[in-house]
Amino acid sequence: MPQSPGDEHHSPRVSSCADPPNDDAVDERRIVHDRVSDISRTPSPEQWPIDQQLMTDESSSKVPTSTTSPAAGVSVERRPTHYLRNWWLEIGACFTFTLALSAIVLTLRPHQGKPLPQWPFSISINSLISIYVVVLKAAILFVAAEGIGQLKWQWFQHERPLKDIATYDSASRGPLGSILLLWTLGPRYPLASCGAFITVLMLAIDPFAQQIIRYHGCIVNVDNPLAKASVPRTNHFRSGGSRLGPGELSIGPDLQPTINAGIFSPGGSVTPLCSTGNCSFPHQYNTLGYCGGCTDITSSLAFIEQSNSSDGENGSGAGASITSSLPSGLSVNSTNSDPVPIISTKGYHYNLAVAGTTSDTGDGKSEPSEVVEFILAKNPRPSPNEQSQVFNETCHSGNSSWFCLGYGAARCTLNPCIRTYTASIDLGIFQEKLLSQTNDTSIWASTLVIDTSCISPAEHSMLVAAGYAIDPAKRWLPYNLTFNASSQGNSTFPSSMLQKDHECIYAIDSFLVYDLWEEYLAPFFEGTVSGATNEYGLIDWWEGPQTLQKIYNFGNITLERIDSIFRNISDSLSNHVRQNGNSNHSTPAQGIVSHDATCLEVRWGWLALPAGIVLATIIFFAITLFVTRPNMEGANAWKSSPLPLLFHGLRPSHLERENSVLHDIKDMELAAKKMNVRLAASLIDNNLVATGKSSRS
């Protein structure tokens, strides 16, 4: 009786002489005889290793250690091999792609936000990352291919179309075959589909790897001791002052153009040192300088109006006059006694100005430096119909600007001070920002000031022991101003504070402070700008000192303009003081030299795909090892090798049963689609056994 397909799953029964001959049995005995004969001709098992595992039943998990051929009576000793030893290349590949991913992270992390590394042989970081990616891809594809190849034999533990062998084999070769496997199997075998999906995802590795690194322009510090960055500053200035000989009471010729420059142009800036054109100064720095500014004292003006004509109402007729004065004694008289009356109205054409210096601040207190006061004189009031349209449109109730009032007064000061700055140099452009300045002019009564915030504890103790009262709430201590002569202090002034480059004491020549005002600034700002009007009431011309004409500005005089001029003067003086200070006490503010560079930005999000594929591959490989282990139903670690198909392929009788000689690949594919096979156990080996027609087209 012919053997049924189901009987192939069990050990072959022994046929008797009465049984009719069976083709499969004959083929099996012939195969056994041929293989045993080959084994007997083999010189030694070590030189010709063969697989001698027998599966006597599908559920058997015992592996025999020897094989006995009934035809030849030859027993062949087999050498048991640990299952994982057959996967050492794949395990090594898992370590390889894991190390490649780690190498990418370890290479990029130290250079995040930093300039491109300069490596030997001009190796770029992009080239190195590309090498890592190539190694990662090759190792992952190798593991995925071998895993899919091994799952192929697991797939055929049950009846499957023979065509699936070609599908699996194609999937282990690349992405196109993997797509075909996904389309063919779908979710029916998720583990193999996972391996195919990993193979397809490898197509996206290169684009994602290219997005990990981004380059951008940046500024980096120069690591070179020869590169210098500094801004001039000083703690001590002495120039001109009192001296013997001609001009002993005048300031030096270097300061005069400095003051003039401040009046007729912006104050300018100091000249920094920066070797690359890009420098930063992260710390604030203090320097000796000058501070100037103006305040509005219009409310202090007093007016005396007089009229010499009976037809002038409210003192506005011919010969009327108004005297504008300040408590300091500075005054100016405006009159309409000219042959052509001045009818320049408030808000239309400004009145003329007068300026002078005084030591009286108007509040009964004395200051160590003088001040400059300006008066914009008030003229006799015109009749209402003579007021301009500009005035009506601009001035409204509550507007107290000089333009709308028609008069004004200002008090301006110019004193030594200590300025605090920050600075930066970007592309050769120097920018310095004034953060603060000392406004208490009384600390300069002795022309020496101590910064109590930077002295050492020892110096602080010595000053206290010497009789200085140091107020923790006050930073600046005038030297000898708070000294208590009646105290019993026996300590001298700390000598360390007088050493070179000590930055806690600020000093300026007292003769300079005095002579700057008395011999130069006082006459420089004294005078009056006066003029005459034409028949239309417009001011045709005016005359007076050039300094005051600059301030008058064609009648466009405002408090803001006067204040800006004095700030320009203080900036100009400060720049001169900073760049010409005492060489022993003028340590420049030190900065950091930097230069333009190309920096590396690591966008870690783009590394998620490679990391995810690495993790998925490890999981896929681990599950593949588990489901195909020897104690499970399945074949040995044949993986993607073609040799099992040669040694354990379809029995010849199955092909003869098709009554065809297949030479063309298309014919083979067509026949494979129509044939179902399974990997079945026999007495000697595992073989693919045809089980019937395939239901899949």
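Residues numbered from 1 in each chain as written. Predicted model: local features only at pLDDT ≥ 70, side-chain atom pairs only at ≥ 80, totals over all residues. Heavy atoms only, no water.

**A look at the overall build of the chain**
To keep things clear, this is the line we draw: Counting from the N terminus, the helices are the DSSP runs of H or I reaching at least four residues and the strands are the DSSP runs of E reaching at least two. Exposure classes here rest on a 1.4 Å probe applied to the protein chains alone. A residue is buried below 20% of its type maximum, exposed above 50%, and partly exposed in between. For this analysis, residues touch if any pair of their heavy atoms sits within 4.5 Å.
Helix and strand content of the chain: 18 helices and 25 strands. Counting every position in the chain, which comprises 697 residues, the buried fraction comes to 42%. A separation of at least 24 residues holds for 74% of the contacts in the chain among residues at least 6 apart in sequence.

**Focus: the packing of aromatic side chains**
Two numbers describe a pair of aromatic rings. These are the distance of the centres and the angle of the planes. The test is simple: Whether two aromatic rings pair depends on their centres lying within 6.5 Å, for rings of Phe, Tyr and Trp, where Trp uses its six-membered ring; planes under 30 degrees apart make the pair stacked, over 60 edge-to-face, and the rest tilted.
For the structure shown, the criterion picks out 12 aromatic pairs. Aromatic pair Trp155 and Tyr168: ring centres 6.2 Å apart, planes at 40°, arrangement tilted. On the criterion of sequence distance, the pair formed by Trp155 in helix α3 (residues 125–155) and Tyr168 in helix α4 (residues 163–171) is long-range, its members being 13 residues apart. Looking at Trp155, the relative accessible area reads 4%, which means it is buried. A relative accessible area of 1% places Tyr168 in the buried class. Measuring from centroid to centroid gives 6.4 Å for Phe374 and Phe525, while their planes differ by 80°, and the two rings are edge-to-face. A residue pair is termed long-range when its members are at least 10 positions apart, and Phe374 in strand β13 (residues 366–376) and Phe525 in helix α12 (residues 510–525) qualify at 151 residues.

**Comments concerning the state of the cysteines**
Rule in force here: When two cysteine sulfur atoms are found within 2.5 Å, that pair is recorded as a disulfide.
Counted by the stated rule, this structure contains five disulfides. Note on cysteine connectivity: Cys274 is disulfide-linked to Cys279, with sulfurs 1.9 Å apart. Its S-S torsion of approximately 95° makes the covalent link between Cys274 and Cys279 right-handed. Sulfur-sulfur distance for the disulfide between Cys294 and Cys412 comes to 2.0 Å. Around the S-S axis, the bridge from Cys294 to Cys412 shows a dihedral of about 110° and counts as right-handed. In this pair, Cys294 sits in strand β8 (residues 278–296) while Cys412 sits in strand β14 (residues 408–426), placing the two residues 118 residues apart along the sequence. The burial state of Cys294 is the same as that of Cys412; both residues are buried.

**Structural notes on the sheet that holds strand β22 (residues 589–590)**
Adjacent strands of a sheet pair through backbone hydrogen bonds, lying either parallel or antiparallel. Quick reminder of the rule: Pairing between strands is defined by DSSP: at least two bridges between the two strands are required.
Pairing within the open sheet is antiparallel, and its three strands lie in the order β7-β5-β22. Edge positions in the sheet fall to β7 (273–274) and β22, since each of these pairs with one other strand and no more. When strand β5 (residues 229–231) meets β7, the two strands line up antiparallel, connected through two bridges. By the bridge assignment, Ala229 is partnered in β7 with Cys274.

**Comments concerning the packing of helix α8 (residues 255–264) against helix α14 (residues 559–579)**
Keep this limit in mind: For every element, the axis is a line fit to its C-alpha atoms; helices are fit only across the contacting stretch, and the angle between N-to-C directions ranges from 0 to 180 degrees. If you view the pair so one helix is near and one far, a crossing is left-handed when the near helix is turned anticlockwise from the far one by less than a right angle, and right-handed when it is turned clockwise. Nonpolar residues are Ala, Val, Leu, Ile, Met, Phe, Trp, Tyr, Cys and Pro. Charged residues are Asp, Glu, Lys and Arg, and all others, Gly as well, are polar.
The N-to-C vectors of α8 and α14 enclose an angle of 145°; their axes lie 7 Å apart at closest approach. Regarding α8 and α14, the two cross each other, and that crossing is right-handed. The segment α8 lies against α14, with Leu255, Thr258, Ile259, Ala261, Gly262 and Ile263 engaging Ile565, Asn568, Ile569, Ser572, Leu573 and His576. Class assignment of the residues belonging to the contact of α8 with α14 gives a composition of seven nonpolar, five polar and no charged.

**Observations concerning the sheet that holds strand β16 (residues 448–451)**
Strand order in this open sheet of four strands is β6-β18-β16-β17, and the pairing throughout is mixed. Strands at the two margins of the open sheet, each flanked by one partner only, are β6 (236–237) and β17 (476–478). As paired elements, β16 and strand β18 (residues 505–508) share three bridges and run antiparallel to each other. Counted as the bridge partner of Val449 is Tyr506 from β18.

**A few points about helix α6 (residues 190–201)**
So the rule is basically this: Between the first and last residue of a helix there are one fewer steps than residues, each counted as 1.5 Å, and that sum is the expected span.
Look at α6: 16 Å from first C-alpha to last across 12 residues, which is about the 16 Å you get at 1.5 Å a residue. Leu191, Ala192, Ser193, Gly195, Ala196, Ile198 and Thr199 are the residues of α6 that are buried. Where α6 is buried, its residues meet α3, α4, α5 (175–185) and α15 (608–627).

**What to know about the pattern of salt bridges**
Working definition: two side chains of opposite charge can pair if their charged atoms are close together. What counts here: The rule for a salt bridge is simple: a side-chain nitrogen of Lys or Arg has to be within 4 Å of a carboxyl oxygen of Asp or Glu.
Taken as a whole and assessed by the stated rule, the structure comprises 11 salt bridges. Between Arg567 and Asp563 there is a salt bridge, with the nearest N and O atoms lying 2.9 Å from each other. One end of the pair, Arg567, and the other, Asp563, are both in helix α14, four residues apart, so they sit about a helical turn from each other. Its relative accessible area of 16% is what places Asp563 among the buried residues.

**Let's talk about the environment of Leu128**
Assignment of secondary structure puts Leu128 in helix α3. For Leu128 and Thr107, which are 21 residues apart along the polypeptide, the C-alpha to C-alpha distance reads 8.7 Å. Beyond its immediate chain neighbours, meaning those up to four positions away, Leu128 contacts Thr107 and Trp119.

**Side note on the confidence of the model for the chain**
Just so we agree on the cut-off: pLDDT is a per-residue confidence score from the predictor, ranging from 0 to 100.
The predicted model of the chain averages 74 in pLDDT, with 66% of residues at 70 or higher. For residues 310–318, every residue scores under 50 in pLDDT, and the model assigns this stretch 14 contacts once sequence neighbours within four places are set aside. Ignoring residues within four places in sequence, the model shows residues 483–490, a span with pLDDT below 50, making eight contacts including any to other chains.

**Here we look at the packing of α6 against α15**
Rules: Here roughly perpendicular refers to angles of 65 to 115 degrees, roughly parallel to angles under 35, roughly antiparallel to angles over 145, and oblique to all remaining angles.
Closest axis-to-axis distance for the α6/α15 pair is 10 Å, and the angle between their directions is 150°. Taken together, the axis directions place α6 and α15 in an arrangement best described as roughly antiparallel. The handedness of the crossing between α6 and α15 comes out as left-handed. Contact with α6, carried on its side by Leu191, Cys194, Gly195, Ile198 and Leu201, involves Ile613, Ala616, Thr617, Phe620, Ile623, Thr624 and Val627 of α15 and no other residues of that element. Grouping the amino acids of the contact of α6 with α15 by side-chain chemistry returns nine nonpolar, three polar and no charged.

**Digging into a nonpolar patch on the surface**
The line we're drawing: For patches, a residue must show more than 30% relative accessible area and have no salt bridge; joins then use 9 Å for like charges and 5 Å for nonpolar side chains, namely Val, Leu, Ile, Met, Phe, Trp and Tyr. Throughout, the Shrake-Rupley method with a 1.4 Å probe supplies accessible areas, and for residues the shown protein chains are the sole cover considered.
There is a patch of nonpolar side chains on the surface, built from Trp88, Leu89 and Phe142 and spanning about 320 Å² of accessible area. As for its placement among the helices and strands, Phe142 is situated in helix α3. Given a relative accessible area of 31%, Phe142 falls into the partly exposed group.

**As for the pairing of β14**
A regular strand places its side chains so that they alternate between the two faces of the sheet. Counting buried residues along β14, 15 of its 19 residues qualify, which places the element largely inside the surrounding structure. Sheet analysis places β8 next to β14, joined by 15 bridges and oriented antiparallel. Looking at β14, one finds that Gly289 is bridged to Cys417. Examined bridge by bridge, β14 and strand β15 (residues 429–437) share eight bridges and lie antiparallel to one another. When the sheet's bridge partners are listed, Thr420 is paired in β15 with Ser436. From the end of β14 to the start of β15, which pair antiparallel, there are two residues, and Leu427 there has a positive phi angle of about 55°.

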